[in-house]
Amino acid sequence: MLEGVARIVQANSVFRSLCRPLASTWVNLAGYRRLGLRYDDLLREETPIIQEAISRLNREEIDLRNYRHRRAFQLSLSHQELPAPQWTKPQEDVQYLQPLIEEVSQEYAERDAFNSMISVRK
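The structure contained in this document is the topic of the report that follows. Keep in mind that what you see is a predicted model, and the values were worked out from it rather than measured.

**Observations regarding helix α5 (residues 98-115)**
Phase 1 of the analysis: Between its first and last C-alpha atoms α5 spans 25 Å; for 18 residues at 1.5 Å apiece the expected length is 26 Å, and the two agree.
Phase 2 of the analysis: Within α5, the full set of buried residues consists of L100, I101 and V104. All buried residues of α5 lie within an arc of 100° about the axis, which places them on one face of the element. Exposed side chains of α5 directed beyond 90 degrees from the buried face belong to Q106, E110 and F114.

Here's what the structure looks like:
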């Protein structure tokens with residue numbers, strides 16, 4: 001359902017212009033950038049699709065992700081934030097995991113469709 005709403009908002013320039021300030025405000029209130037995290041760092045790793053997508057990341061990106069998680073955890077434990085110059089900037093907050101999640105989701109859907117096929121003998 002949310003995907004349908006997202007498509008409508010993206011297709012309509014009036015909705016998009018109304019939602020953009022709200023989205024920026026939400027990101028600022030969420031506070032994950034103040035801890036040096038990216039949006040894709042917040043995704044739950046318990047699902048098989050996300051686990052598979054993470055396993056497809058290159059070693060450097062996995063190391064950076066682990067470093068961001070550890071640093072954010074340490075800052076959270078000490079009730080601190082990074083200094084403002086070290087916050088994740090909006091241009092750095094790119095979706096590095098989302099393309100892999102979509103790829104894995106399509107593969108899972110294809111596998112399910114293939115496994116649910118019924119063969120008919122003539």
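Right, picking up where we left off after that structure.
**Quick notes on the nonpolar core**
Phase 1 of the analysis: Ranked by size, the top nonpolar core spans eleven residues in total: L43, I50, A53, I54, L57, I62, Y96, L97, L100, I101 and V104.
Phase 2 of the analysis: Breaking this core down by element, the ones donating at least two residues are α3 (48-55) and α5.
Phase 3 of the analysis: Not counting the four nearest positions on each side in its chain, I101 is found in contact with L43, I49, I50 and A53.
Phase 4 of the analysis: Ranked by size, the runner-up nonpolar core spans seven residues in total, among them Y32, L35, L37 and L82.

**Remarks on the pattern of salt bridges**
Phase 1 of the analysis: Taken as a whole and judged by the stated rule, the model has twelve salt bridges.
Phase 2 of the analysis: Across the pair R38 and E61 runs a salt bridge, and its minimum N-O distance is 3.7 Å. Here R38 is found in the loop between α2 (13-30) and α3, whereas its partner E61 is found in helix α4 (residues 59-77), with 23 residues between them in sequence. Side by side, R38 and E61 carry an identical accessibility label, which is buried.
Phase 3 of the analysis: Residues E107 and R56 are paired through a salt bridge, measuring 2.6 Å at the closest nitrogen-oxygen approach. Of this pair, E107 sits in helix α5 while R56 sits in the loop between α3 and α4, placing them 51 residues apart in sequence.

So, how was this worked out
- Residues numbered from 1 in each chain as written.
- Predicted model: local features only at pLDDT ≥ 70, side-chain atom pairs only at ≥ 80, totals over all residues.
- Heavy atoms only, no water.
- Helix = DSSP H or I, 4+ residues; strand = E, 2+ residues; numbered from the N terminus.
- Expected span 1.5 Å × (residues − 1).
- Buried < 20%, exposed > 50% of the residue type's maximum accessible area, 1.4 Å probe, protein only.
- Arc of directions from axis to C-beta.
- Core = buried A, V, L, I, M, F, W, Y, C linked by side-chain atoms within 4.5 Å.
- Contact = heavy atoms within 4.5 Å.
- Salt bridge = Lys/Arg side-chain N within 4 Å of Asp/Glu carboxyl O.

Any functional reading would require information beyond the geometric quantities listed.
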